[in-house]
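Descriptive analysis of the structure
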Amino acid sequence: TSYYMLGGVQQAIKDYTKAIELEPNFPNSYGNRGSSYYFIKEYIKAIKDYTKVIELSPTDFISYYNRGISYRQIGEHQKAIEDFSKMIELNPKYAKSYNNRGVSYRKLGEHQKAIEDNSKAIELDPDDPMAYNNRGLSYDELGEHEKAKADRAKVEELKKNLKQCILNTRAN
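Before going into details, it helps to say that this report is about the structure given with it.

1. Side note on the overall build of the chain
Scanning the chain for helices and strands turns up 10 helices and 0 strands. When the elements of the chain are put in sequence order from the N terminus, they spell out α-α-α-α-α-α-α-α-α-α. Projected onto the principal axes, the alpha-carbon positions of the chain cover approximately 55 × 45 × 25 Å. Out of the 172 residues belonging to the chain, those deemed buried represent 39%. Considering only contacts in the chain between residues 6 or more positions apart, those separated by 24 or more positions represent 42%. When the accessible surface of the chain is split by element, carbon and sulfur atoms take 52% of a total near 10,100 Å².

2. Notes on the packing of helix 7 (residues 95–107) against helix 8 (residues 111–124)
Contact pair helix 7 / helix 8: the axes reach a minimum separation of 8 Å and the direction vectors enclose 165°. Here helix 7 lies roughly antiparallel to helix 8, going by the angle between them. Note that helix 7 runs across helix 8; the crossing there is left-handed. Facing helix 7, whose interface residues are Ala95, Tyr98, Asn99, Arg101, Gly102, Tyr105 and Arg106, helix 8 presents His111, Lys113, Ala114, Asp117, Asn118, Lys120, Ala121 and Leu124. Class assignment for the residues of the contact of helix 7 with helix 8 results in 6 nonpolar, 4 polar and 5 charged.

3. Side note on helix 7
With 13 residues, helix 7 should cover 18 Å at 1.5 Å per step; its first-to-last C-alpha distance of 19 Å lies within 8% of that length. Within helix 7, 11 of the 13 residues are buried, which leaves the element mostly enclosed by the surrounding structure. Along helix 7, the residues classified as buried are Ala95, Ser97, Tyr98, Asn99, Asn100, Arg101, Gly102, Val103, Ser104, Tyr105 and Arg106. In the core, the buried residues of helix 7 are packed alongside helix 5 (61–73), helix 6 (77–90), helix 8 and helix 9 (129–141). Looking one or two places after helix 7, you find Gly109, whose phi comes out positive at around 85°.

4. Here's the deal with unusual backbone geometry
Phi is positive for Lys41, close to 65°, though the residue is something other than glycine. Inspection of the secondary structure assignment puts Lys41 in the loop between helix 3 (27–39) and helix 4 (43–56). Take Lys41: its relative accessible area is 60%, and that puts it in the exposed class.

5. Side note on the environment of Glu23
Here Glu23 shows up in the loop between helix 2 (9–22) and helix 3. Relative accessible area serves as the criterion here: at 41%, Glu23 is assigned to the partly exposed category.

6. Brief notes about the pattern of salt bridges
A side chain with one charge may pair with a side chain of the opposite charge, provided their charged atoms come close. Overall, the coordinates contain 13 salt bridges when judged by the stated rule. With a shortest N-O distance of 3.2 Å, Glu123 and Lys120 are connected by a salt bridge. Of this pair, Glu123 and Lys120 are both found in helix 8, 3 residues apart, which corresponds to roughly one turn of the helix. Using a relative accessible area of 28% as the deciding quantity, one classes Lys120 as partly exposed.

7. Here's the deal with the side chain of Asn118
Mapped onto the elements, Asn118 comes out in helix 8. Since its relative accessible area comes to 1%, Asn118 is described here as buried. What Asn118 contacts, discounting residues up to four positions off in sequence, is Tyr98, Asn99, Gly102, Ala131, Asn134 and Arg135.

The rules behind these values
- Residues numbered from 1 in each chain as written.
- Predicted model: local features only at pLDDT ≥ 70, side-chain atom pairs only at ≥ 80, totals over all residues.
- Heavy atoms only, no water.
- Helix = DSSP H or I, 4+ residues; strand = E, 2+ residues; numbered from the N terminus.
- Buried < 20%, exposed > 50% of the residue type's maximum accessible area, 1.4 Å probe, protein only.
- Contact = heavy atoms within 4.5 Å.
- Areas by Shrake-Rupley, 256 points an atom, 1.4 Å probe, with all protein chains shown as cover.
- Axes fitted to C-alpha atoms, helices over the stretch in contact; angles between N-to-C directions.
- Parallel < 35°, antiparallel > 145°, perpendicular 65-115°, else oblique.
- Left-handed = near helix turned anticlockwise from the far one by under 90°.
- Nonpolar A, V, L, I, M, F, W, Y, C, P; charged D, E, K, R; others polar.
- Expected span 1.5 Å × (residues − 1).
- Salt bridge = Lys/Arg side-chain N within 4 Å of Asp/Glu carboxyl O.

What follows is the structure, encoded as structure tokens:
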């Protein structure tokens, strides 16, 4: 992961590939290489590696999440929903899974399901502005503009609080 900081993602991919050649049943090498591919927007290769992690370690919930994000990036929203659902089954307290599944539901025009998922994400993590933003987008699509407006106001409040928190940290 320090390669990311140094901008050497291609070298990281080479190193993870070598590690896979040496130990083909070690899921972490596939997961790390998948994340490297994701970082450089090679989503199909990332999906392939996350799939291998899942084959080797079927309860590795983060690989379902990562693969779901990758599927979403290429517009495969139904597959993304399946992966986020599996992630939720394995780790029901991870708010970002609900939020991201909600995004895929919204992209498929299933706004009520999106609102339910974004609301669950807010219940689990009430300080995440993305969940409010995504829920507001679905409210707008359904013509519930007052609810959308309230969610947008909450996003601005959370962003303002975050900005103040950063400023306070820098001042200390």
